[in-house]
Amino acid sequence: MPRIQFGSWVNDAVEWLTTHMGWLFDFLEQVFRGAYEGVDAVLQAPEPLLLTGIFAVIACWLRGTLAGVLTFVGFAFVISLDLWEDAMVTLSLVLVATLIALVISVPLGIWAARSSRVSAIVRPGLDLMQTLPAMVYLIPAILFFGSGAAAGIVATLVFALAPGVRMTELGIRQVDKELVEAAEAFGTTPRDTLLRVQLPLALPTVMAGVNQVIMLGLSMAAIAGMVGTGGLGGDVNEAIGQLNIGLGAEAGIAIVILAIYLDRMTSALGTQVSPLGRRAAARARAARGLRIWSYRPRASVAVVGVVVLALVAGGMGVFGGADESEPVAGGDNVGQGKKISIGYIPWDEGVASTFLWKEILEQRGYEVEAKQFDAGPLYTSLAQGDVDFQTDAWLPTTHEQYWKKYGSQLDDLGSWYGPTSLELSVPAYMKGIDSLEDLKGKAGQFDGRITGIESSAGMMSLLKSKVLKEYGLDQEFKVVDSSTPAMLAELKRAYAKKEPIVVTLWSPHWAYSDYKLKKLKDPKGAWGEGDGVHTLSRKGFAEENPVVGEWLKDFKLTEEQLTGLESEINKAGKGRQQDAVRAWLKGEPGLVDKLAPVKETQTPPEAKRPLDVAWFPWDEDIAVTYLWKNVLERRGYRLNLKQMDVGPVYTGLASGDLDLNFDAWLPYAQKNYWDKSKDNLHDLGTWYEPTSLELAVPSYVKGIDSLADLKGKADTFDGKIVGIEPGTGEMNLLKAKVLPGYGLDDEYQVVDGSTPAMLAELKRAYAKKEPIAVVLWSPHWAYSEYELTKLKDPRKFFGEGNTIRTISNKDFPERYPQLTKWIKNFRMSEDELGTLEREIKDRGQGHEEEAVAAWLEEHPEMVDRMTPAA
C-alpha cells in the first residue's frame, strides 16, 4: 500500500500559513505577548508577601478562614523556595491563556448547545484537541508565534479549550426543558431565555468547565517551558535536563500549590455566582452555625481588605522596589542598556557559558535575558530571530540535523571549546570491556541494549548508521532511544546495583566525575573527530552588534576553567547561577577584560547622555543616520532614532527636544526652515557636496532634455508632475519659482505625495515605457536603477547646488565637544554614499543596521576615520 504523505501535506499547509498569514500571526503574537506582560507586571510589582496576603483575603472570602490561612502558608512556602517570580510567570501565562480560551469556548459552547448541527461539527475537533499529544501543539505554536510567552499561551489555550466548550454545552443542555418552555410560553425572547434562565442555571457546570480549563492550562506549564516561557515550567525542564530531583520536586510542589489554589477558588466562585449555589451555601451555613475556621467575611469587607493590601503593595512596588543592580562604570558601559537575549539548553556547559556571558555583558552595560529551551525550539527561535545567540552548539556531529535545517539562517561565530568526544561508556566494574570491539558477542550481558539519548541527536544517528555497523554490533544490540535525563537515570540505577549497562556519553560530562566509568576505545575511528562547542547567532547579529560579535568570536575556555565553573554552579543550585559565576570570576582576575576588552579612551564621558537623532525617510538620511548609529555605539554612545517630517525636525531641534539631524539641505532646499529657527540651531558642517534638485524623465522620452522642453508637452505627461512630500523646500521651490519661471504653471499640476509613492509611480511607468516626469535630486539611487534624463535648468531657478549638512540644537557643541569635533570632520564620497544606499535598499526595510554592518566590513577604515581616537 502506498504511503500517504500526510506529514508532507501538513508541512506544506504550515509553510503556506507562515508565508501568507504571517501578518495575522505577528498581530496575534503582539496581542498575546502584551496581555501576558501586562498581567505579569501587575503580579511581579508588589512585595511577594503582600500579594500573598491579597490571595489569602480572596480565599478567606470565597472559602473561609482556614482556606485563607492555608493560602498564605502555601504561597509563603513558594516564596521560601525562591520560586515566587517563576510562579507568577506561570500564573500570568495560565490566566491569559484561560481568559482567551473562555472568550472562545463559552460562546462556542452556547452555540453548540442551541444547535445540534454545530455540536456535531464541533465535537470531532474537540476530540482531536483533547487526545492529540500536548507537545505536538508546541511545533506550530513556535513556528507561527516564535518562542516565548506567545507560543506558550497558544499551545496552552488550544490544549485547554475543549473542556470549556463541552461543559458550557452540557450545562445549558441540562437545564430543565420545562423551565425553558415555560419562559418561552410567557413570551420571553430566545436571548432573554438564554441570559435569564439557561445561563444562570448552567453556571455551576460552566464554572466547572472554567476550573478544568485552568487545570489543563497548568498541566501544560512544564511543556510550555520548553519554548522559552520560563516560569515553573522552565524549572521543571531544567531539573529534567540536569537530573536534579530536588529542583524538580520544588518546582513541582509550587505548581501543585498554584493548582490547588486556583481549583478551590474557581470552585467556590462557581458557587458564589450561581443563584442555586448561593442558596445551598446559605442553608449549609445556617445548619452549621458560626465556626471560626469556616467564617467568611462579607464581600464588601473582602473588597476593602484587597484594596488596602493592593494599595500598600502598589506603593511598595513603585517606591520600594529600587533597582538593586550596580551601576556600570562609564568606560565599561558599552551596551548603554541595549537588550540581548541568550538561549540555552539545560546542559552543564550550556548553563555555565550562558550565565558567564550574561554576567559579562551586564558588566558591559547590556540588558540580558537568558531563555531556556530544548534543542529543537532553540534552533527554531534562533532562525526566526527571537533569540540573539546561544553558546552550546555541538558541531559538526551532535547537532548536525539542526545545522542542516537552519544553518542558512544562522551565523557560526566559532568554537570556544574542543575537541569534545562522543563515546559509549560502561561502568569500571565491567571487566574485559575496554573497547567497542570488546562488545562483540557480549550482548547477553547487557540484555542486548545500548541506552541512548534523544533520537534526534546527531550522535544517535551516527551510532546507528555507522558505529555499530563498523564493529558488527548492529545485529546484536538495539539502541534504546530516550533522553539524556533518562539515560543518566538508567546509569545511576544500574551503577547503584552494580549491574551491566552501556550508555551513550560524551566528554566533557559531569558523569565521569560522579561515577567510575570507562570510555570504550574506538580504534577504527568510527565516531569521527570530536565536536567543537560553537557559538551560533541569528543571521546578522554580529554585524548589528560588532563589539559583542568580536567578543564572541574570540571566546575560549580551557577544560579546567569550564569544569571549575560548572562545579561552582552545581554547588550554588537553581536560581543562583549568576551568583556562582560572580564567585568564580573572583578566582579568575582579568578574565572579564580578556573576554570582553574595552578601550577606555573610546568612550568619552559625554556618551552617558543618550542622543535623540531625527531622520527623514530619504535614502541618504537613512544611510548616514544608521551609519553614525553603528559607529557611535562602538564608541559607547546610545542613539534614539526618531523618524519625522522636515518641519517638526527643525522645530524639535530649535526647542532642544532633539539633538541632531544629518540631512539638512542648505542653503536652498530647506532655507525657509533654517531662516525661521537659525538662532536656536547650530550648523556642524557639510559632509556631502554638491547636490542638485531637478525634474527627471525616463531616457526613452525623446526630445525632453530641459525644463524649457516641457512647454506645450503637458498632454504627453497627462498634465502631471509627480512630486514628493508637500512642504519640502524642493516642492515649494518647484511650485513658487521653477514652474512659473518656465511658464509651466498653467499646464502642469504638481501631485503631492511622498518619496516612496513617487518612486513607485516611476517604477510602474518605467516598466510600461510610459512618459512620466518626477521630482528627483542628486545623489539618488534611482539614477543607477533606471536610465533617466535630468532636465537641465538653464535659468537656475532650482538654485545652485545644496550641500548636505549636519545641524544640531544650540547647546549641542557644549554638551558633546568630542562628537562635535568628529561630525565637523566627517565627509563621504559619492561612491561611498551610493554603495551604502544600495546595500540598505537591497536588504530591505527593517534590515538597515544589518546592511550598515555589512557595508562597514567592506569599508573597515570608516570607523576610525569618522571617530578617530583622541
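Note that the structure is predicted; figures quoted are calculated from it, not measured.

### Some points on the overall build of the protein
- If you tally the helices and strands in the protein, you get 37 helices and 20 strands.
- Sorting the 870 residues of the protein into buried and exposed places 52% on the buried side.
- Here the analysis covers contacts within the protein between residues at least 6 apart in sequence; of these, 80% occur between residues at least 24 apart.

### Section: the side chain of glutamate 694
- Mapped onto the elements, glutamate 694 comes out in strand E15 (residues 692-698).
- Despite its burial, glutamate 694 pairs with no opposite charge; the closest candidate is lysine 790, at 4.4 Å N-O.
- Polar contacts involving the side chain of glutamate 694 include one to the side chain of serine 692, which spans 2.6 Å.
- If sequence neighbours within four positions are ignored, glutamate 694 has contacts with Glu730, Val774, Val775, Leu776, Trp777, Ser778, Tyr783, Lys790, Leu791 and Phe798.

### Description of the pattern of salt bridges
- The final tally for this structure, using the stated rule, is 33 salt bridges.
- Here lysine 539 ties to aspartate 411 by a salt bridge, and the two come within 3.4 Å at their closest N and O atoms. With lysine 539 in the loop between strand E10 (532-538) and helix H22 (541-544) and aspartate 411 in strand E4 (residues 410-417), this residue pair connects regions lying 128 residues apart in the sequence.
- Take lysine 539: its relative accessible area is 44%, and that puts it in the partly exposed class.
- The salt bridge involving arginine 493 is made with glutamate 490; its shortest N-O contact spans 3.5 Å. Taken as a pair, arginine 493 and glutamate 490 lie in helix H20 (residues 484-497) at a separation of 3 residues, close to a single helical turn.

### A few points about the pairing of strand E13 (residues 660-666)
- When you tally the buried positions in E13, you get 7 out of 7 residues, the bulk of the element.
- Direction of pairing for strand E11 (residues 611-615) relative to E13: parallel, over a ladder of 2 bridges. Note that in E13 the partner of valine 613 across the bridge is leucine 660.
- Across 5 bridges, the pairing between E13 and strand E20 (residues 803-809) is antiparallel. Following the sheet pairing, leucine 660 is matched in E20 by serine 808.

### Some remarks on the sheet that holds strand E12 (residues 639-643)
- In space, the 5 strands of this open sheet follow the order E12-E11-E13-E20-E14, with mixed pairing throughout. Both outer strands of the open sheet, E12 and strand E14 (681-688), are each paired with one neighbouring strand and no more. The mean inter-strand angle of the sheet, taken between neighbouring strand axes irrespective of direction, is 35 degrees.
- Helix-sheet contacts for helix H34 (residues 817-824) involve E11, E13, E14 and E20, and the interaxial angle to E14 is about 40 degrees.

### Digging into helix H17 (residues 375-384)
- Extensive coverage of H17 is indicated by the burial of 9 of its 10 residues.
- Every buried residue of H17 is accounted for by Ala375, Gly376, Pro377, Leu378, Tyr379, Thr380, Ser381, Leu382 and Ala383.

### Focus on the packing of helix H8 (residues 149-174) against helix H10 (residues 190-219)
- Two numbers describe how H8 lies on H10: the axes approach to 7 Å, and their chain directions differ by 155 degrees. Taken together, the axis directions place H8 and H10 in an arrangement best described as roughly antiparallel. Considering only the axes of H8 and H10, their crossing is right-handed.
- Each residue belonging to the contact of H8 with H10 can be placed in one class, and the counts come to 13 nonpolar, 11 polar and no charged.

### Digging into the packing of aromatic side chains
- Scanning all chains against the criterion turns up 29 aromatic pairs.
- Relative to tryptophan 618, the ring of phenylalanine 616 lies with its centre 4.7 Å away and its plane at 45 degrees, an arrangement referred to as tilted.
- Take phenylalanine 616: its relative accessible area is 1%, and that puts it in the buried class.
- Here the aromatic rings of phenylalanine 812 and tyrosine 816 are separated by 4.8 Å at their centres, their planes lie at 25 degrees, and the arrangement is stacked.
- Classification of phenylalanine 812 by relative accessible area gives buried; the value is 0%.
- Taken together, the ring pairs connect Trp628, Phe662, Trp687, Tyr688 and Phe826 into an aromatic cluster.
- Sitting over the ring of tyrosine 512, lysine 519 keeps its end group 4.9 Å from the ring centre.

### Digging into the environment of lysine 737
- Structurally, the position occupied by lysine 737 is in helix H30 (residues 729-741).
- Overall, lysine 737 belongs to the partly exposed group, its relative accessible area being 42%.
- Separated by 62 residues in sequence, lysine 737 and glycine 799 have C-alpha atoms that sit 10.0 Å apart.
- Setting aside residues no more than four positions away along its own chain, lysine 737 makes contact with Asn732 and Phe797.

### Concerning a nonpolar patch on the surface
- A surface patch of nonpolar side chains, amounting to about 450 Å² of accessible area, comprises Ile4, Phe6, Trp9 and Val10.
- Tracing the backbone shows tryptophan 9 in helix H1 (residues 6-20).

### Observations regarding unusual backbone geometry
- With an omega of 15 degrees, the peptide bond between leucine 395 and proline 396 qualifies as cis.
- Tracing the backbone through its elements, the reader meets proline 396 in the loop between strand E3 (389-395) and helix H18 (400-406).
- Glycine 418 connects to proline 419 through a cis peptide bond whose omega is -5 degrees.
- With a phi close to 60 degrees, aspartate 718 is a non-glycine residue in the positive phi region.
- Mapping aspartate 718 onto the fold places it in the loop between E15 and strand E16 (720-722).

### Some points on the packing of helix H5 (residues 84-114) against helix H6 (residues 116-131)
- At a closest axis distance of 5 Å, the pairing of H5 and H6 adopts a crossing angle of 125 degrees. Judged on the interaxial angle alone, H6 and H5 are oblique. Judged by residue contacts, Leu108, Trp111, Ala112 and Arg114 of H5 engage Ser116, Val118, Ser119 and Val122 from H6.

### A few points about the environment of valine 426
- Tracing the backbone through its elements, the reader meets valine 426 in strand E5 (residues 421-427).
- Separated by 94 residues in sequence, valine 426 and leucine 520 place their C-alpha atoms 7.4 Å apart.

### Some thoughts on the pairing of strand E18 (residues 774-778)
- Taking burial as the measure, the 5 residues of E18 include 5 buried ones, the bulk of the element.
- In E18, alternate side chains face the same way, and those of Val774, Leu776 and Ser778 on one face and Val775 and Trp777 on the other are all buried.

### Concerning a negative patch on the surface
- Judged by side-chain charge, Asp176, Glu178, Glu181 and Glu184 come together as a negatively charged surface patch.
- Relative to the elements of secondary structure, glutamate 181 occurs in helix H9 (residues 177-185).
- Taking the relative accessible area as the measure of exposure, glutamate 181 reaches 49% and is therefore partly exposed.

### So, H10
- The end-to-end C-alpha distance of H10, which contains 30 residues, comes to just 38 Å, noticeably less than the 44 Å that a straight helix rising 1.5 Å per residue would cover.
- Approximately 60 degrees is the largest bend angle found in H10, and it occurs at leucine 203, with the proline proline 204 only one to four residues beyond.

### Quick word on the side chain of asparagine 630
- Along the chain, asparagine 630 turns up in helix H27 (residues 619-634).
- The residues contacting asparagine 630, other than those within four sequence positions of it, are Glu543, Pro546, Val852, Ala853 and Leu856.

### Focus: the environment of glycine 109
- Here glycine 109 is to be found in helix H5.
- Beyond its immediate stretch of four places on either side in the chain, glycine 109 contacts Val165, Thr168 and Glu169.

### A word on the confidence of the model for the protein
- The pLDDT averaged across the protein works out to 84; a share of 89% of its residues lies at or above 70.
- Within the model, the stretch residues 316-325 combines pLDDT values under 50 with 6 contacts to residues more than four positions away or in other chains.

Procedures and definitions
- Residues numbered from 1 in each chain as written.
- Predicted model: local features only at pLDDT ≥ 70, side-chain atom pairs only at ≥ 80, totals over all residues.
- Heavy atoms only, no water.
- Helix = DSSP H or I, 4+ residues; strand = E, 2+ residues; numbered from the N terminus.
- Buried < 20%, exposed > 50% of the residue type's maximum accessible area, 1.4 Å probe, protein only.
- Contact = heavy atoms within 4.5 Å.
- Lys, Arg positive; Asp, Glu negative; His and termini not counted.
- Salt bridge = Lys/Arg side-chain N within 4 Å of Asp/Glu carboxyl O.
- Polar contact = N/O pair within 3.5 Å; in protein donor to acceptor, adjacent residues only side chain to side chain.
- Pairing = 2+ DSSP bridges.
- Axes fitted to C-alpha atoms, helices over the stretch in contact; angles between N-to-C directions.
- Parallel < 35°, antiparallel > 145°, perpendicular 65-115°, else oblique.
- Left-handed = near helix turned anticlockwise from the far one by under 90°.
- Nonpolar A, V, L, I, M, F, W, Y, C, P; charged D, E, K, R; others polar.
- Phe/Tyr/Trp six-rings, centres within 6.5 Å; stacked < 30°, edge-to-face > 60°.
- Lys NZ or Arg CZ within 6 Å of the ring centre and 35° of its normal.
- Patch = residues over 30% accessible without salt bridge, like charges linked within 9 Å, V, L, I, M, F, W, Y side chains within 5 Å.
- Areas by Shrake-Rupley, 256 points an atom, 1.4 Å probe, with all protein chains shown as cover.
- Charge placed at Lys NZ, Arg CZ, Asp CG, Glu CD.
- Expected span 1.5 Å × (residues − 1).
- Bend = angle between axes of the 7 residues up to and from the residue.
- pLDDT = per-residue confidence, 0-100.

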